[in-house]
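# Topology and contacts: notes
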Protein chains: 2
Amino acid sequence: MALIVQKFGGSSVASPEHIKRVAKRVASTADQGHSVVVVVSAMGDTTDDLIELAEKVSSKRSAREMDMLLTTGEQISIALLAMALQDIGKDSISLTGGQAGIRTEAVHSKARITDMNPSRIHSELAKGKIVVVAGFQGVTEAGDISTLGRGGSDTTAVALAAGLKANLCEIYTDVEGVYSTDPRVVKFARKIPEISYDEMLELANLGAAVLHPRAVEYAKQYNVPLMVRSSFTTNPGTLVKEEAVMEKGIAVRGIAHDLNVAKVALVCVPNRLENLQTVFETLGQESVNVDIIVQSVVQNDCTDISFTVAKNDLDRALEVLNDLQSRLGAQEVISEQGVAKVSIVGAGMISNPGVAAQMFRTLTENNIEIKMVSTSEIKVSCVIDANEVHKAVQVLHTAFNLDSVEVATVAK
Amino acid sequence: MALIVQKFGGSSVASPEHIKRVAKRVASTADQGHSVVVVVSAMGDTTDDLIELAEKVSSKRSAREMDMLLTTGEQISIALLAMALQDIGKDSISLTGGQAGIRTEAVHSKARITDMNPSRIHSELAKGKIVVVAGFQGVTEAGDISTLGRGGSDTTAVALAAGLKANLCEIYTDVEGVYSTDPRVVKFARKIPEISYDEMLELANLGAAVLHPRAVEYAKQYNVPLMVRSSFTTNPGTLVKEEAVMEKGIAVRGIAHDLNVAKVALVCVPNRLENLQTVFETLGQESVNVDIIVQSVVQNDCTDISFTVAKNDLDRALEVLNDLQSRLGAQEVISEQGVAKVSIVGAGMISNPGVAAQMFRTLTENNIEIKMVSTSEIKVSCVIDANEVHKAVQVLHTAFNLDSVEVATVAK
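In short, a report on the structure. Not measured: the values here are computed from a predicted model.

Parameters and conventions
Residues numbered from 1 in each chain as written. Chains lettered and ligands numbered in written order. Predicted model: local features only at pLDDT ≥ 70, side-chain atom pairs only at ≥ 80, totals over all residues. Heavy atoms only, no water. Contact = heavy atoms within 4.5 Å. Buried area = accessible area lost by both parts, 1.4 Å probe. Salt bridge = Lys/Arg side-chain N within 4 Å of Asp/Glu carboxyl O. Pairing = 2+ DSSP bridges. Helix = DSSP H or I, 4+ residues; strand = E, 2+ residues; numbered from the N terminus. Axes fitted to C-alpha atoms, helices over the stretch in contact; angles between N-to-C directions. Least-squares fit on C-alpha atoms with pLDDT ≥ 70 in both. Phe/Tyr/Trp six-rings, centres within 6.5 Å; stacked < 30°, edge-to-face > 60°. Buried < 20%, exposed > 50% of the residue type's maximum accessible area, 1.4 Å probe, protein only.

Glancing now at the interface of chain B and chain A. With 42 residues of chain B at the interface, the matching set in chain A holds 42 residues. Roughly 3,400 Å² is buried in total at the junction of chain B and chain A, and carbon and sulfur atoms are behind 60% of that figure. Of all residues in chain B, Val57, Glu65 and Met83 of chain B bury the most surface against chain A, accounting for 19% of the area lost on that side. Between chain B and chain A we count two salt bridges in total.

Rendered as structure tokens:
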């Protein structure tokens, strides 16, 4: 008998019928003798509808009042799911984030969890109840309702699992688990049975949007085993945990790609020690997130500083660089769109020195130009032409022995 | 400079446009230098929509979960109104019932307020903010969300006014105030400038549905002056307070009527002391609310016991009486529909002994048969044929000098 936290997202509770289906799913876990805590998001489009209402009422939508407004979405879901569970004979109780003991910092729309007091949940579980908790929300020291921002409900589930010392945190979603690459790009993508937190983080950050990076970080910090699985099938999903077993002969766990990339460069910056620091400090102050950075000494005592940013940060990045150009005495600012990033991820590559070289060779053999390179202990990323990215993912997937024997099933 | 509590019902906040209009209304009170606390209900049909959702999900809708669900309606309203106020430059904050300090007993769907801690509201008012509070809801000792049931938002407003020692509690509604009778029945109904709590209670209970009786009782208990007025005009409304000034020559404040009446009788019950008690105790146990009771000794040592009930209690009342008939040895059970109650209400009638007689004379002169009579210190009610009720209201309104010189304006 285990304590299991199950999280269902907005698409899993989009309608009364969906909610009844989730109730059955939760009940079947309880029927196996487990204690169950369920975390749910707002139904389908509820959040968007509420935002639209707010836009009609006011042009000044303070973060505190938006939190007050939007948290009603999850509150509706928990009440309905608790009723649906009662309807099929399961004793159940719903709790708002605050009632569930989720305390956050006094920040609205993107609060971090500061504390988790599980006493109410424990006492309801002890009465034999299934506890349904509103995702995405908490309460501040002053008693105000706060929200956790992006990835919020995943984070709620992991925080509850950590606070309750749950045996497992299951994240139900519309895919079967984490894949070795995007099944829409590579027909023979395979579902990964196990993956480590760090690998998952690299994949999450690289656009395999199954789990929010913040939830994975939280799970890693508190060592909460996460199971990503489908709400539509009973197939086993992907288990995310500290040390994942690597299959024999496979050093790379997955191939990620990201089309939301633009390349920027400051050409021929005079070689002064503080220049690199100045560039990235200034970008940070303007909230431009920089990804891959390449600095290359060329000639004439000057340096090219290149980096990538998300596409919607490009304009701001160029403004910053144009300001800096004369201050630093750089020759020019250039930018390039139409690029993409392809990455191989795997904890196994630390002990396999040839992995990066194999990636470069595979891309080169397929006439794909590598524009920039970045490496970490468990990842190698290359910036390439956006038109080549699907081909790159496909050839790397094959080269690193990731092709499955069967076609991946992709849920709609 | 005063502290004013203003309450706006669901029809006043039915759409974004309505909410913006309420915001302007509230702001104009604040602009006069007053501190303002606003209580709002759920937008228009929100509560009905939520109930419909719940019905689709579950046949077992526990009161606790229904409270969790329905209170989101008011939470949406308060957030939107606070934003609308911010939009027109008024510093504002929304508070749920619990945040506003409204503590209730641990009962769901019809909790009574046990305590009101105004500290958070006071501290927000001290910062110069307009405080917007969710009506209809509170929080139990255990931190669960409760609702106050019928008349809930009016009750919230009065409770806040009492707890905050407000100078005035304004109830905004879709009529101009309390009328001497139903303006849809009597063209020359007049708006009553002042009325006492007791008179208002009699009128409220008799179907002049402007204020919920519970809110009036609460206001009387804490001596909170209530102003009932229109959300669509700036005309003065009706002030409800302890001692209302009676206009000269007018002993009756208003004429109420009620069509939701059925008459029931147990014919020829043997004269035993305990029989009357048995009948009404049994009805009470079956939650049948009895209104007018008439007991008449006829002949042969037996008694007729007649009373009125609300129409939807008739079937249950008849079941009870049919059970009792043989136990008590009564001759038969009869019932009559198609009856109505007409009442005159006024604190002034205590010192005017001829008032009841004048009512009977007026009805008799107009060939309206009086089937039952009931009196209290400030009210005389007659049960008459339902077909005669509009005529009765009209002739009584004239007989007691209530006709206005102008036609009443009725808001749509």
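Adjacent strands of a sheet pair through backbone hydrogen bonds, lying either parallel or antiparallel. Residue and element names in this part refer to chain A. Spatially, S5-S4-S7-S8 is the arrangement adopted by the four strands of the open sheet, whose pairing is mixed. Whereas interior strands pair on both sides, the edge strands pair on one side only; in this sheet they are strand S5 (113-116) and strand S8 (145-147). Across the sheet, the axes of successive neighbouring strands diverge by a mean angle of 45 degrees, strand direction being ignored. As judged from the three bridges shared by strand S7 (residues 137-140) and S8, these two strands associate in the antiparallel manner. Paired with Val139 across the two strands is Ile145, which belongs to S8.

Superposition record for chain B on chain A: RMSD 0.1 Å, screw rotation 179 degrees, translation along axis 0.0 Å. The superposition operator between the copies reduces to a two-fold rotation axis. Rotation axis and chain B: the residue whose C-alpha lies nearest the axis is Thr72 of chain B, separated from it by 2.6 Å. A share of 100% of the interface residues of chain B reappears at the interface of chain A, consistent with the copies meeting face to face through the same patch.

Turning our eyes to something else, we now look at the packing of aromatic side chains. All names here are of chain A. For the structure shown, the criterion picks out six aromatic pairs over all chains. Look at Phe8 and Tyr172: their rings are 4.5 Å apart centre to centre, the planes differ by 10 degrees, and that puts the pair in the stacked class. One end of the pair, Phe8, is in strand S1 (residues 3-8); the other, Tyr172, is in strand S9 (residues 168-173), with 164 residues separating them in the sequence. Taken as a pair, Phe8 and Tyr172 share a single burial class, namely buried.

As enumerated under the stated definition, the model contains 47 salt bridges over all chains in all. Two residues, Lys129 of chain A and Glu124 of chain A, come together in a salt bridge whose shortest N-O distance is 3.6 Å. The exposure classification of Lys129 of chain A matches that of Glu124 of chain A, with both residues buried. Lys371 of chain B is the partner of Glu369 of chain B in a salt bridge, and the nearest nitrogen-oxygen pair spans 3.9 Å. Residue Lys371 of chain B is classed as partly exposed on the basis of its relative accessible area, which comes to 23%. Residues joined in a network through salt bridges with shared partners are Arg64, Glu65 and Asp144 of chain A together with Arg120, Glu124, Lys127 and Lys129 of chain B.

Residue and element names in this part refer to chain A. Spatial ordering of the open sheet is given by S3-S6-S2-S1-S9-S11-S12-S10, a layout of eight strands whose pairing is mixed. The open sheet has two edge strands with one neighbour each: strand S3 (92-95) and strand S10 (194-196). Neighbour to neighbour, the strand axes of the sheet diverge by 20 degrees on average, direction disregarded. Bridge count between S1 and strand S2 (residues 35-40): six bridges; the pairing is parallel. Bridge assignment links Gln6 to a residue of S2, and that residue is Val38.

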